[in-house]
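# Coordinate analysis (summary)
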Amino acid sequence: MTTDIKSFTREELEARFKGWGEPAYRVDQLLHWLYARQVTSWEAMTNLSKNLREKLGAQYSLSPIELVLKQGSRDTTQKFLWRLDDHALIESVLIPANPALYGDASDRHTLCVSTQVGCAYGCKFCASGLDGWKRNLRVEEIVEQVLAVERWIQQLKEPAAPAGQSTASLAPPPASRDSRYLDNLVIMGMGEPLANYDALLKALKILNAPWGLGIGARKITISTSGLAPQIRKLAEEPLAFRLAISLHGATDEVRNRIMPVNRKYPLRELVAAGEYYRDKKGKSITLEYILIAGVNDDPSQISPLAKLARRLKAKVNLIPYNPVEGLPWRRPTEDAQEDFRSALENLGITTTLRREKGQDIDAACGQLQLRTERDRRL
């Protein structure tokens, strides 16, 4: 099995091209085809010599992921189900016009990206891990989710591609880098991002690089359920990505009940790692808090949550629970959600209550993949 060309950095490609005796500008041409034009075949790279294209094709693969199913929500959220080359399924979610949750005044076009097939961390409320962990995504599989959605956006101007058709057939966008549609990435799809640390960081460097998609580090948010050592490791990276901690409970008692990772990295370790990251990067942290009726929406959670937010100088993003078939959890009433938000704000905590987009499209992370996998077994 050949390695996909999109898993390599510019420096790695320069070394290979130098070994082949190719001039350096050929690397620039290749990268332009991959990330500005987003083509999916060697034949499309018309300014590369036939000999070089054949050499590339013999050494590397150039494989787009396959669009199996797309669900579009009434609120314009779009969920994509992708098939990988081993027939594993993953999801990405496009969330347009999102209010300021992770970055600037408006996260206009945000893509939620997966990093694993399944998840090993077993959060009790989440669909992603119900079928267990299968494998980590490779570098190009993380990168390709972004490229495939960019191609899908361009395809809206062309005849629609049916489900099951490879995104390779979608028309490439114009050559200008300004044509990029996605403004923000949130790495909080299927899987625990920091459990696939090396592949994730390499993928994000490619997506961030000027020769890649040029998405600024401050426009990329990495979420974690609480892997304290990896948070500290991330703090030492040269790129200053935004960090979101999937907290979902303000006390060890609540987190232990719904998030097994807390038994290994309890709140004292997690918060200390968050402080280290904040001090190293000078970036605010977001605390993600899914409101689950009767579990973590009790008023007793408000004071300790405010205390954690103040300690981390963090804002809190409240997300009403999106029910998952087969799980007992429920979302609180809208009045209860609003009361929780107001109580936090009254304690001086910057708080966003996200009215969950995509309730009509299996939008909870992993739901569409889980349902499709189980239907496939019938």
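Provided above is the structure to which this section pertains.
Residues numbered from 1 in each chain as written. Predicted model: local features only at pLDDT ≥ 70, side-chain atom pairs only at ≥ 80, totals over all residues. Heavy atoms only, no water.

## Things to note about the overall build of the chain
In plain terms, the rule: Runs of H or I in DSSP of at least four residues are treated as helices and runs of E of at least two as strands, each being numbered from the N terminus. Throughout this description, buried means an accessible area under 20% of the type-specific maximum (1.4 Å probe, protein chains only), exposed means over 50%, and partly exposed covers the range between. Contact definition: two residues touch when any of their heavy atoms are within 4.5 Å. Throughout, the Shrake-Rupley method with a 1.4 Å probe supplies accessible areas, and for residues the shown protein chains are the sole cover considered.
Scanning the chain for helices and strands turns up 12 helices and 14 strands. Relative to its full complement of 378 residues, the chain shows a buried share of 56%. A sequence separation of at least 24 residues applies to 70% of the contacts in the chain between residues at least 6 apart. With the model as given, the accessible surface of the chain reaches about 15,600 Å², and the carbon-plus-sulfur share is 51%.

## Focus on unusual backbone geometry
Even without being a glycine, His87 presents a positive backbone phi close to 75 degrees. Along the chain, His87 falls in the loop between β4 (78-83) and β5 (89-99). Residue Lys313 is not a glycine yet carries a positive backbone phi of 55 degrees. For Lys313, the position within the fold is in the loop between α10 (302-312) and β13 (315-320). Judged by relative accessible area, Lys313 falls into the exposed class, the value being 59%.

## Here's the deal with helix α4 (residues 139-155)
To keep it simple, the criterion reads: To estimate the expected span of a helix, count its residues, drop one, and scale the result by 1.5 Å. Values of bend correspond, residue by residue, to the angle between axes fitted over the seven residues ending at that residue and the seven starting there.
With 17 residues, α4 ought to run about 24 Å at 1.5 Å a step, and its terminal C-alpha atoms sit 24 Å apart, in line with that. The sharpest bend along α4 comes to roughly 25 degrees, located at Gln145. The element α4 is largely enclosed, with a buried count of 17 among its 17 residues.

## Considering the pattern of salt bridges
Just so we agree on the cut-off: Salt bridge criterion: a side-chain nitrogen from Lys or Arg within 4 Å of a carboxyl oxygen from Asp or Glu.
Counted under the stated rule, the structure contains 20 salt bridges. Glu12 serves as the salt-bridge partner of Lys202, at 3.0 Å between the closest nitrogen and oxygen. Here Lys202, found in helix α5 (residues 197-208), pairs with Glu12, found in helix α1 (residues 10-19); they are 190 residues apart in sequence, far enough to count as distant. The residue Arg135 makes a salt bridge to Asp86 at a minimum N-O spacing of 2.8 Å. You can see Arg135 sitting in strand β8 (residues 133-136) and its partner Asp86 sitting in the loop between β4 and β5, a full 49 residues away along the chain. Under the relative-accessibility criterion, Arg135 is labelled buried at 17%. In this structure Asp86 comes out as partly exposed when scored by relative accessible area, which is 39%. Through salt bridges with shared partners, a single ionic network connects Asp85, Asp86, Arg135, Arg138, Glu140 and Glu141.

Without other data, these values stay purely geometric and don't point to any function.
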